[in-house]
Amino acid sequence: DVKVTQSSRYLVKRTGEKVFLECVQDMDHENMFWYRQDPGLGLRLIYFSYDVKMKEKGDIPEGYSVSREKKERFSLILESASTNQTSMYLCASINAYEQYFGPGTRLTVT
Amino acid sequence: AQSVTQLGSHVSVSEGALVLLRCNYSSSVPPYLFWYVQYPNQGLQLLLKYTTGATLVKGINGFEAEFKKSETSFHLTKPSAHMSDAAEYFCAVRIGTGRRALTFGSGTRLQVQP
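Residues numbered from 1 in each chain as written. Chains lettered and ligands numbered in written order. Predicted model: local features only at pLDDT ≥ 70, side-chain atom pairs only at ≥ 80, totals over all residues. Heavy atoms only, no water.

## Structural notes on the overall build of chain B
Working step 1: Broken down by element type, chain B carries zero helices and eleven strands.
Working step 2: Secondary structure elements in chain B, listed N-terminal to C-terminal, are β-β-β-β-β-β-β-β-β-β-β.
Working step 3: Its C-alpha atoms give chain B a radius of gyration of 14 Å, near enough to 13 Å, the size a compact globule of 114 residues would have.
Working step 4: Counting only C-alpha atoms, chain B reaches 45 × 30 × 20 Å along its principal axes. (Helix = DSSP H or I, 4+ residues; strand = E, 2+ residues; numbered from the N terminus. Rg over C-alpha atoms; globule rule 2.2 N^0.38 Å.)

## Some points on the overall build of chain A
Working step 1: Tallying secondary structure elements over chain A gives zero helices and eleven strands in all.
Working step 2: Counting helices and strands in the order they occur from the N terminus, chain A gives β-β-β-β-β-β-β-β-β-β-β.
Working step 3: The C-alpha atoms of chain A give a radius of gyration of 13 Å, which matches the 13 Å a tight globule of 110 residues would have.
Working step 4: Going through the 110 residues of chain A one by one, you find that 49% of them count as buried.
Working step 5: Restricting to contacts in chain A with at least 6 residues of sequence separation, those with at least 24 account for 53%.
Working step 6: Accessible surface, chain A as shown: approximately 5300 Å² in total, 49% of it carbon and sulfur.
Working step 7: Averaged over its 15 positive side-chain charges, chain A has a centre that lies 7 Å from the centre of its 15 negative ones. (Buried < 20%, exposed > 50% of the residue type's maximum accessible area, 1.4 Å probe, protein only. Contact = heavy atoms within 4.5 Å. Areas by Shrake-Rupley, 256 points an atom, 1.4 Å probe, with all protein chains shown as cover. Lys, Arg positive; Asp, Glu negative; His and termini not counted. Charge placed at Lys NZ, Arg CZ, Asp CG, Glu CD.)

## A short note on the environment of B:Ser14
Residue and element names in this part refer to chain B.
Working step 1: Mapping Ser14 onto the fold places it in strand 2 (residues 10-14).
Working step 2: Residue classification places Ser14 among the partly exposed residues on the basis of a relative accessible area of 42%.
Working step 3: Along the chain, Ser14 and Ser80 lie 66 residues apart, while their C-alpha atoms are 9.1 Å from each other.

## Observations regarding the nonpolar core
Working step 1: One finds B:Trp35, B:Leu48, B:Phe74, B:Leu76 and B:Tyr89 to be the most contacted residues of the largest nonpolar core, which totals 27 residues.
Working step 2: When residues no more than four places from it in sequence are discounted, the contact partners of B:Leu48 are B:Leu33, B:Phe34, B:Trp35, B:Val57, B:Lys58, B:Gly59, B:Phe63, B:Glu64, B:Ala65, B:Phe74 and B:Leu76.
Working step 3: Core analysis: the second largest hydrophobic core is formed by 21 residues, A:Leu21, A:Trp34, A:Tyr64 and A:Val66 among them. (Core = buried A, V, L, I, M, F, W, Y, C linked by side-chain atoms within 4.5 Å.)

## Description of the sheet that holds strand 7 (residues 64-70) of chain A
Adjacent strands of a sheet form backbone hydrogen bonds with each other and so pair up, either parallel or antiparallel.
Residues and elements named next belong to chain A.
Working step 1: Across the sheet, which stays open at both edges, the four strands sit in the order 1-3-8-7 with antiparallel pairing between neighbours. Looking at strand neighbours, the two that pair on one side only are strand 1 (4-6) and strand 7, the edges of this open sheet. Between one strand axis and the next, the sheet turns by 20° as a mean value, whatever way the strands run.
Working step 2: When strand 7 meets strand 8 (residues 73-78), the two strands line up antiparallel, connected through five bridges. Among the inter-strand pairings, Ser67 is bridged to a residue of strand 8, identified as Ser75. (Pairing = 2+ DSSP bridges. Axes fitted to C-alpha atoms, helices over the stretch in contact; angles between N-to-C directions.)

What follows is the structure, encoded as structure tokens:
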């Protein structure tokens, strides 16, 4: 079974803090993704990576950055957290057709 | 650019009734189409996918969907709803080549009444 794990299920941070969300997959997939999920908006793509040290912006990259130093790990970084970044964050990796999702991190910024 | 529209943010059915969740997409090239389900406090799980070939695809838990190119639709159905089907359902599209990320619809929350 493919496994995508995320470092935290719930996270509470203060405005202005630097926040790291970690994602690890165990299937040697090259492509990994970060989405955020908000009610009524579905999932929106923040960033993706198709190889180590390679990254591309998704549809809503503002306020975020990413890091992929190892193939199995893809980190999402909020440089200076703001209240409008309160959301559910989902990581995914992909084989030929199917995206496999982690359980999500619910981030609250106060 | 591709987009996905899910009609109805909330759908309520009785247990044993037909489930129909609607999805329309726009894409300038043949798409890959997906339905995902999300149970409370969990990540997304793939229900079924259409890539090529047979347009009627069967998935897990008795769900199926039909790709209709002329209608640009990929509606999800299940003949008889079960209480355990209560969840949020997402339709998604991916262009066959190029960027492998999915574009998601806004989701439909399915309620099943006893």
